[in-house]
Amino acid sequence: MNARGPFQDKQSIRVEALSLSRGQRILFENLSFAAASGDYVEVLGSNGSGKTSLLRAMAGLLRPSGGEIAIEGADEPSLALHYVAHANGLKRETSVREHLHYWAGLFGGSPSEDFVAQMLDLARVMALPVRVLSQGQARRLALARLVVAPRPIWLLDEPGAALDDAGKAVLNELIAAHRANGGIVVAAVHEPLGPSPSQTIRVSR
Amino acid sequence: MNALVATFRRELAMLWAGGGALTPLGYFFGATMLVPLAMGPDRALLETAGPPLVWIAAALSVLAMLERLFQADLEDGSLDQMLLSPAPLEGLVLAKGAALWVAIGLPLALAGAPVAIALQAPVERIPLIVASLALGTAAFVSVGLIGAALTASVKRGGVLLALIVLPLFAPPIIFGASVASGEDVSAAFAILGGCALGGLALGPIAAAAALRLQAE
């Protein structure tokens, strides 16, 4: 794919002979793949097969028991990626707006309130605490991190969970725009999200 | 720098929304005000027993706030986001500790004044007691960060947290109480300051290391 945009098609992420284990249990061994600018990689696998662990390892949160994960072309490694996990990373008593401002400070970005309000349809709940949000709205807010601080690599764990059809459409739009900008998306999913993946990884022993 | 400011502000806002210093202050007042009731109004007895009791109550009030400090972040996924921030985790931990001290430590130090008077401390020693409590709570919070980080993934880790942290609270309690009783004030003050600075230097680093392990 001929990518253009802020990320200038030079990013790539390479997973080589990766082995992961949790506790004493080996999740998988010898997994290799690579993704370049504009790629959308879908990670499939049954429950407990290690999809989440793979994403956590790629995010640098989990130490692999073998192999290597290399992110290339990023000017500043600490600004290379976003990880949207199962847990949304939200505080119950904090408002949607405060979350956006906090992330803008934490990751170095801009709160982009208007964009988030419109694109993710959170305008009506902007001033409300997360406690009163629906599951789907909370998921939308978690996805807003992707917009608040631009990062070339997105690692998404079940990004469509709890989203309605409109929410999934927005997510697909975000992914398409990100790929067009030269970004990379790696998503662990149960069922395909919609956009046709440039490659599919199956995680199993 | 922005990340630290954002963390500090959010943490302070959350502590404030969660009742601020009301709970620890209530505990602090409650515990210290029971002392004269239990020991009787004997002035000489209160003068000797009062200052140490103020310090023990302050230490326990801080301890009670530590358990959820990182546990909530670990459970709701905020810790992952802190780890992915370009800012060093040590700095973010320090910002959280600073917010806790402003929200809890400072009010406790100020509350030390009326409590010390009620326990028959001489009035001219009150400013000294407040200042020493401010330093002491800073020491409690900064070494408390380590215990809070180590026990973040332990359900009902409060007892374990107390076991880890209370021995580390001993030096500031010893020298803080000696400031409050008016013995060797300047030397005790210097050591108390040392405790706070040492905790400030080591606490965030050790706590961040523990949190990285917890996130795995």
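Presented here is an overview of the structure given in this document. (Residues numbered from 1 in each chain as written. Chains lettered and ligands numbered in written order. Predicted model: local features only at pLDDT ≥ 70, side-chain atom pairs only at ≥ 80, totals over all residues. Heavy atoms only, no water.)

Residue and element names in this part refer to chain A. Read across the sheet, five strands follow the order β5-β6-β7-β3-β8 without closing on themselves; strand pairing throughout is parallel. Where the open sheet ends on each side, the last strands, each with one partner, are β5 (81–84) and β8 (199–202). Sheet twist, expressed as the average angle between the axes of neighbouring strands with direction ignored, equals 15 degrees. The pairing of strand β6 (residues 153–157) with strand β7 (residues 184–188) spans five bridges and is classified as parallel. (Pairing = 2+ DSSP bridges. Helix = DSSP H or I, 4+ residues; strand = E, 2+ residues; numbered from the N terminus. Axes fitted to C-alpha atoms, helices over the stretch in contact; angles between N-to-C directions.)

We now examine the sheet that holds strand β1 (residues 12–22) of chain A. Residue and element names in this part refer to chain A. Pairing in this open sheet of three strands is antiparallel, and the strands run β2-β1-β4 from one edge to the other. Among the strands making up the open sheet, the edge pair consists of β2 (25–36) and β4 (66–72). On average, each strand axis in the sheet is tilted by 15 degrees relative to the strand beside it, whichever way the strands run. The pairing of β1 with β2 spans eight bridges and is classified as antiparallel. Bridging from a neighbouring strand, R14 pairs with A34 of β2. Sheet contacts for helix α1 (residues 51–58): β1, β2 and β4; angle to β1, the most-contacted strand, approximately 125 degrees. (Contact = heavy atoms within 4.5 Å.)

Overall, the coordinates contain three aromatic pairs over all chains when judged by the stated rule. Judged by centre distance (6.2 Å) and plane angle (55 degrees), the ring pair of F28 of chain B and F29 of chain B falls under tilted. For F29 of chain B, a relative accessible area of 31% translates into the label partly exposed. With 4.5 Å between their ring centres and 40 degrees between their planes, F140 of chain B and F169 of chain B make a pair best called tilted. Here the residue F140 of chain B occupies a position in helix α7 (residues 126–150), and F169 of chain B occupies one in helix α8 (residues 158–180), the gap between them amounting to 29 residues. For the residue pair F140 of chain B and F169 of chain B, the accessibility class agrees, reading buried in each case. Following the ring pairs from residue to residue traces out a cluster consisting of W55, F140 and F169 of chain B. Lying across the ring of W103 of chain A, R145 of chain A places its NZ or CZ 5.1 Å from the centre. Here the basic side chain of R10 of chain B rests over the ring of Y102 of chain A, its NZ or CZ set 3.7 Å away from the ring centre. (Phe/Tyr/Trp six-rings, centres within 6.5 Å; stacked < 30°, edge-to-face > 60°. Buried < 20%, exposed > 50% of the residue type's maximum accessible area, 1.4 Å probe, protein only. Lys NZ or Arg CZ within 6 Å of the ring centre and 35° of its normal.)

Between chain A and chain B, the contact holds 24 residues from the first and 23 residues from the second. For the interface between chain A and chain B, the tally reads four salt bridges. Of the charged contacts, one joins D80 of chain B and R56 of chain A as a salt bridge, the two residues approaching to 2.9 Å between their closest N and O atoms. At the junction of chain A with chain B, the criterion picks out 11 residue pairs in polar contact (both at pLDDT 80 or more). Of all the secondary-structure elements, those providing two or more residues to the side of chain A that touches chain B are β5 and α2 (96–107) of chain A. The biggest single contributor to the side of chain A that touches chain B is α2 of chain A, with five residues. (Salt bridge = Lys/Arg side-chain N within 4 Å of Asp/Glu carboxyl O. Polar contact = N/O pair within 3.5 Å; in protein donor to acceptor, adjacent residues only side chain to side chain.)

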